[in-house]
Amino acid sequence: NQDEDKLTEYMDELEFLALTAGATVVKRFTQKLTQPDPKTFIGSGKAQEVRDFVKENEIGTVIFDDELSPSQLKNLEREIEVKILDRTNLILDIFAQRAQTSYARTQVELAQYQYLLPRLTRMWTHLERQKGGIGMRGPGETEIETDRRIIRDRISLLKEKLKTIDRQMATQRTNRGKVVRAALVGYTNVGKSTLMNALAKSDVFAENKLFATLDTTVRKVVIGNLPFLLTDTVGFIRKLPTQLVESFKSTLDEVREADLLIHVVDISHESFEDHIASVNQILMEINAHQKPMIMIFNKIDDFSYEKKEEDDLTPESRKNISLEEWEKTWMSKSKYPTVFISALTKQNFEQMKKLIYDEVLKIHISRFPYND
Ligand code: GDP
């Protein structure tokens, strides 16, 4: 039952991603396997089922929640005879649509080419089929080699370009001097931009879609005449494609070089604890897990999953845990200063500001010991 809850959540998230990319989802397919089929990811019976559905309903695309190997992708396209997207490709597509600065666009383009390179043969197979197959192999192979070379050149070029911008950004960061730097981190869609707007009175783009924030935004914030810099970073997500972790290195550098992390959590989301774990995992990966941190549990105005189902009253069922209980649990279990707020209604805002103020002040004083 718990496994099924998880599965539903994963599929909900995938559907949300698909929606963000501009697709409409008409059906979900799931399958229990001890491990994915090395050839086609799903079993052949399931593939047949999907194929029939696709044919009957004139479906344009089938999306998988995992990254498929190049050969799985190829085999699935052959079996289902429709465009196949995997999770990585979908996320890359969303990033591509939303990249606003030339830096973000360069990062996404690099990630896309890195994804494409090992999958080039797939396009060739298509070509072969279209042109009738036999006899096309010679020129086709050459074409692929040429394409590969072009793409490799493009990858080196993009890497160079990113290096140059990285250096510029590093200089900019150094020039910001000794002002305390705080970075908002958190799962995607938890309310980081909304909080940033509320704190900095700026107008950062906030919408109920995944990855509304692609580029980092830095704003000056003043609480009780103590100024500090606040950075809004790209939202973290489960199974973030490795190509993206790599190419968004410098976005993540903002996090790595921050003095204080403000970890925002969406308490109204049923799997907020998994989200916390995913974020902490990425913080570990970029070696930023030992920084001072504040936990902000957001969206308390929208907290409603206690007693959702009247008949489900088992004590361990999280549906029966009240907000007060969550507060108590987290206040005692979190080793970081913790606050429960609503960025929308500004509930407990003063309490949160006081927390941030105290933490920023600690860092500030350690940096300017002779100030007082
Ligand atoms: P980000 O991806 O973490 O930057 O999240 P956003 O700031 O873009 O917010 C995502 C969605 O959550 C938007 O629709 C916000 O209006 C909404 N949101 C943010 N804070 C709150 C809150 O405190 N309560 C409620 N109910 N919604 C919120």
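Residues numbered from 1 in each chain as written. Predicted model: local features only at pLDDT ≥ 70, side-chain atom pairs only at ≥ 80, totals over all residues. Heavy atoms only, no water.

### Here's the deal with the overall build of the chain
Check the secondary structure of the chain and you find 13 helices and eight strands. For the chain, the residues scored as buried account for 47% of the 372 residues in total. Counting contacts in the chain only where the partners sit at least 6 residues apart, residues at least 24 apart contribute 67% of the total. In the structure as shown, the chain presents an accessible area of about 19,600 Å², 51% of it carried by carbon and sulfur atoms. (Helix = DSSP H or I, 4+ residues; strand = E, 2+ residues; numbered from the N terminus. Buried < 20%, exposed > 50% of the residue type's maximum accessible area, 1.4 Å probe, protein only. Contact = heavy atoms within 4.5 Å. Areas by Shrake-Rupley, 256 points an atom, 1.4 Å probe, with all protein chains shown as cover.)

### Brief notes about the packing of aromatic side chains
Scanning the model with the defined rule gives seven aromatic pairs in all. Geometrically, the ring pair formed by F29 and F53 is edge-to-face, given 5.7 Å between the ring centres and 75° between the ring planes. Taken together, the positions of F29 in the loop between α1 (2-21) and α2 (44-57) and F53 in helix α2 put the pair 24 residues apart, joining distant regions of the chain. F29 gets classed as partly exposed once you look at its relative accessible area, which sits at 24%. Considering the side-chain rings of F272 and W326, the 4.9 Å spacing of their centres and the 80° angle between planes classify their relative orientation as edge-to-face. Placement of the pair is F272 in helix α11 (residues 272-285) and W326 in helix α12 (residues 323-333), with a sequence separation of 54 residues. Summarising the burial analysis for this pair, F272 and W326 share the class buried. By way of ring pairs, the aromatic residues F272, F297, W326, W330 and F340 are connected into one cluster. One residue, K27, lies across the ring of F29, its end atom 5.3 Å from the ring centre. Between K333 and the ring centre of W330, over which it is positioned, the NZ or CZ distance is 4.4 Å. (Phe/Tyr/Trp six-rings, centres within 6.5 Å; stacked < 30°, edge-to-face > 60°. Lys NZ or Arg CZ within 6 Å of the ring centre and 35° of its normal.)

### Description of the pairing of strand β7 (residues 293-298)
β7 sits mainly inside the fold: six of its six residues count as buried. As judged from the six bridges shared by strand β6 (residues 260-266) and β7, these two strands associate in the parallel manner. When the sheet's bridge partners are listed, D266 is paired in β7 with N298. Taking the sense of rotation as the criterion, the β-α-β connection linking β6, α11 and β7 turns out right-handed. When β7 meets strand β8 (residues 338-340), the two strands line up parallel, connected through three bridges. Bridge assignment links F297 to a residue of β8, and that residue is F340. (Pairing = 2+ DSSP bridges. Right-handed = clockwise from strand over helix to strand, strands pointing away.)

### As for helix α13 (residues 349-367)
Over its 19 residues, α13 extends 27 Å from the first C-alpha to the last, a length consistent with the 27 Å expected when each residue adds 1.5 Å. Buried residues belonging to α13 abut α8 (192-200), β4 (217-223), β5 (226-232), β6, β7 and β8. (Expected span 1.5 Å × (residues − 1).)

### Section: the confidence of the model for the chain
Here the chain averages 81 in pLDDT, and 78% of its residues register 70 or above. Highest mean pLDDT in the chain belongs to β7 (97); lowest belongs to helix α6 (residues 120-130) (52). Scored below 50 in pLDDT, residues 131-139 shows six contacts in the model against residues more than four places distant or in partner chains. Low confidence marks residues 313-317, where pLDDT is under 50. Its contacts with residues over four positions away, or in another chain, come to four contacts. (pLDDT = per-residue confidence, 0-100.)

### Quick look at helix α5 (residues 102-116)
Given a rise of 1.5 Å per residue, 15 residues ought to cover 21 Å, and the 21 Å separating the end C-alpha atoms of α5 matches this to within 8%. Those residues of α5 not exposed but buried are Y103, A104, T106, Q107, V108, L110, A111 and Y115.

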